[in-house]
Amino acid sequence: MFYRQFLKIIDVIDESFVKDFDFWLTTLPEQEARTISVSAVASRFEVKYSLADTIVEFAVKEGILKKRYMVLCSNEGCEFFYGEFDAEELIKILGTVGYCHNCGNEFLISYENSLIVYSRAKNPNVPEDVIKREIVKRIGIRENEINFSLADSLDKRPKEIFELYYHPAESAYEKLVQLKLELDGPFATKKEKGDALERLSLFLFKQIKNISGTNRIKTFTNQFDCTMRFSQSSIIFPTIMKYMTPYFIVECKNELESDGKGKTPSNTYFHKLSDIMSSNSAQLGIILSRGSASPEDIRIAYNNYLLCKNSNYQKIMISISDEDLDILIDKRINLLEYLAFKVDVLTMDARNATFEMFESNKDFQ
């Protein structure tokens, strides 16, 4: 094994496949090593796409591969290479129009023609003569005939779209864990108690690309706990991000019951949030509380949604509790994906829905 990191998974994934992948990645020419796709791996080694995806994602986690995005011309019969980008660069051009020098026509840069590729980020720390001996032993290995497929496009992998816009660094998750621990104090005043939850809220939502926030916005009648601003707009944004435009409001309630469990927010908070949103352009409002919302809270939110669902501006109110923070911070579920789930539960008026219900569908893809 040239990459020693792969030794960690030989008891989980077929060892011969891991060894072959390790050799292939080690000896891949630099030019080809810039645009590795999961489809190419699956085709070359004749394994299921899910297995190829697993080993590629492991290599990314170990720093062996780095995720990139390749944009192709979407005009019929063309599919010419337009450019290769990192996540930040792709976000800036998604939804814009590019010009193809091959077919001479413009095209829309979208999820459909943005392919997920991987580049080799590091070479194995082994002598060249060791690699050469292994190459001699393996002469005759067949060449790969398939480089990419539509399965590699962002359009076919919605989780990757969410990850484009929300992908906290390890240091960010460490800080989120610390901020969550600080919610229980000790506090000298009620203001300190409330500030602790506001700090967590601001830091959490600022992990979404291009979102800024403050807890100092005041109107003539209200002071918002946290106002998160997302001034961008694009037809290609996931629906949840369209609700975030031009800004959204987070009301924080750091309240516990006498037994130390999170306190269910009073329905007056939902009425207050509804009144605030009726007088501005916010489409999304979030009650961030220690306890889960009550059935009455959810009914208020659902009725508010029904009143506005046919208008130009939606009015969506959702709740996030300690239980949700555990999912977002400890289990590291993507915040945008989870908020999208929360919104779907609200608009479906589905009282029994859990995030795992939709996660299980991956077994049938």
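Below or above, wherever it landed, is the structure these notes cover. (Residues numbered from 1 in each chain as written. Predicted model: local features only at pLDDT ≥ 70, side-chain atom pairs only at ≥ 80, totals over all residues. Heavy atoms only, no water.)

We now examine the overall build of the protein. Secondary structure assignment for the protein yields 14 helices and 10 strands. Expressed as lengths along the three principal axes of its C-alpha atoms, the size of the protein is roughly 75 × 50 × 35 Å. Per-residue burial for the protein yields a buried fraction of 47% across its 365 residues. Taking all contacts inside the protein whose residues are at least 6 apart in sequence as the whole, residues at least 24 apart take part in 67%. Surface accessibility of the protein: about 19,400 Å² in total, with carbon and sulfur atoms responsible for 50%. Computed over 46 positive and 54 negative side-chain charges, the separation of the two mean positions in the protein equals 4 Å. (Helix = DSSP H or I, 4+ residues; strand = E, 2+ residues; numbered from the N terminus. Buried < 20%, exposed > 50% of the residue type's maximum accessible area, 1.4 Å probe, protein only. Contact = heavy atoms within 4.5 Å. Areas by Shrake-Rupley, 256 points an atom, 1.4 Å probe, with all protein chains shown as cover. Lys, Arg positive; Asp, Glu negative; His and termini not counted. Charge placed at Lys NZ, Arg CZ, Asp CG, Glu CD.)

The next subject is the pairing of strand S9 (residues 284-289). The element S9 is largely enclosed, with a buried count of 6 among its 6 residues. Every second residue of S9 is oriented toward a common face, with Leu284, Ile286 and Leu288 on one face and Gly285, Ile287 and Ser289 on the other, all of them buried. Read from strand S8 (residues 247-253) through helix H10 (residues 267-277) to S9, the crossover connection turns out right-handed. On the question of chirality, the crossover connecting S9 to the parallel strand S10 (residues 316-320) by way of helix H11 (residues 295-308) is right-handed. (Right-handed = clockwise from strand over helix to strand, strands pointing away.)

This part is about the sheet that holds strand S5 (residues 114-120). The strand order S2-S1-S5 describes an open sheet built from 3 strands, whose pairing is antiparallel. Strands with a single pairing partner mark the edges of an open sheet, and in this sheet they are strand S2 (81-85) and S5. Within this sheet the neighbouring strands show an average axis-to-axis angle of 30°, counted without direction. As defined by bridge partners, strand S1 (residues 65-72) adjoins S5 across 7 bridges and the pair is classed as antiparallel. Residue Leu65 lies in a different strand from S5, and its bridge partner there is Arg120. (Pairing = 2+ DSSP bridges. Axes fitted to C-alpha atoms, helices over the stretch in contact; angles between N-to-C directions.)

The next subject is the environment of Tyr82. Following the sequence through the fold, Tyr82 ends up in strand S2. The exposure class of Tyr82 is partly exposed, given its relative accessible area of 34%.

This paragraph deals with helix H1 (residues 15-27). Helical geometry note: an α-helix holds 3.6 residues per turn, so side chains three or four residues apart project in the same direction. When the terminal C-alpha atoms of H1 are compared, their 18 Å separation across 13 residues agrees well with the 18 Å that a helix rising 1.5 Å per residue should span. Every buried residue belonging to H1 is among Phe17, Val18, Phe21, Asp22, Phe23, Trp24, Leu25 and Thr26, and all of these are buried. (Expected span 1.5 Å × (residues − 1).)

This next bit is on the sheet that holds S8. In space, the 5 strands of this open sheet follow the order S6-S7-S8-S9-S10, with mixed pairing throughout. Each edge of the open sheet carries a strand with a single partner, namely strand S6 (212-214) and S10. Adjacent strand axes in the sheet meet at a mean angle of 20°, parallel and antiparallel pairs treated alike. Direction of pairing for strand S7 (residues 226-229) relative to S8: antiparallel, over a ladder of 4 bridges. Across the sheet, the residue bridging to Thr227 is Ile249, located in S8.

Attention now goes to the pairing of S7. Two elements, S6 and S7, share 3 bridges in a ladder whose sense is antiparallel. Counted as the bridge partner of Ser212 is Arg229 from S7.

What follows deals with the packing of helix H12 (residues 322-330) against helix H13 (residues 335-348). Put simply, H12 and H13 touch, their axes get as near as 10 Å, and they point 145° apart. When the axes of H12 and H13 are compared, the crossing they make is right-handed. For the pair H12 and H13, contact is made by Asp324, Ile327 and Leu328 and by Leu335, Tyr338 and Lys342, respectively. Counted by class, the contact of H12 with H13 contains 4 nonpolar, no polar and 2 charged residues. (Left-handed = near helix turned anticlockwise from the far one by under 90°. Nonpolar A, V, L, I, M, F, W, Y, C, P; charged D, E, K, R; others polar.)

Together, Val97, Leu108 and Ile235 line one region of the surface with nonpolar side chains, adding up to about 290 Å² of accessible area. Mapped onto the elements of the fold, Ile235 is located in the loop between S7 and helix H9 (239-243). Among the residues examined, Ile235 registers a relative accessible area of 67% and is labelled exposed. (Patch = residues over 30% accessible without salt bridge, like charges linked within 9 Å, V, L, I, M, F, W, Y side chains within 5 Å. Salt bridge = Lys/Arg side-chain N within 4 Å of Asp/Glu carboxyl O.)

Another point: the packing of aromatic side chains. According to the stated counting rule, one finds 18 aromatic pairs in the structure shown. Put simply, the rings of Tyr3, Phe6, Phe17, Phe21, Trp24, Phe45 and Phe58 touch in pairs and so form one group of aromatic residues. Its end group placed over the ring of Tyr173, Arg332 keeps NZ or CZ at 4.2 Å from the ring centre. (Phe/Tyr/Trp six-rings, centres within 6.5 Å; stacked < 30°, edge-to-face > 60°. Lys NZ or Arg CZ within 6 Å of the ring centre and 35° of its normal.)

We now examine the side chain of Gln314. The topology assignment puts Gln314 in the loop between H11 and S10. A distance of 3.4 Å separates the side chain of Gln314 from the backbone oxygen of Cys308, its partner in a polar contact. Within the local environment of Gln314, its side chain forms a polar contact with the backbone oxygen of Lys309, the two atoms lying 2.9 Å apart. Apart from the residues lying within four places of it in its own chain, the contact partners of Gln314 are Tyr243, Ala282, Gln283, Tyr305, Cys308 and Lys309. (Polar contact = N/O pair within 3.5 Å; in protein donor to acceptor, adjacent residues only side chain to side chain.)

In this section: the nonpolar core. Nonpolar side chains in soluble globular proteins generally cluster together in the buried interior. Phe6, Phe21, Tyr165, Phe205, Ile240 and Met244 are the most contacted members of the largest nonpolar core, which totals 108 residues. Sorting elements by how many residues they give to this core places H13 first, with 9 residues. Ignoring any residue separated from it by four or fewer positions in sequence, one finds Ile240 in contact with Phe162, Leu336, Leu339, Ala340 and Val343. (Core = buried A, V, L, I, M, F, W, Y, C linked by side-chain atoms within 4.5 Å.)

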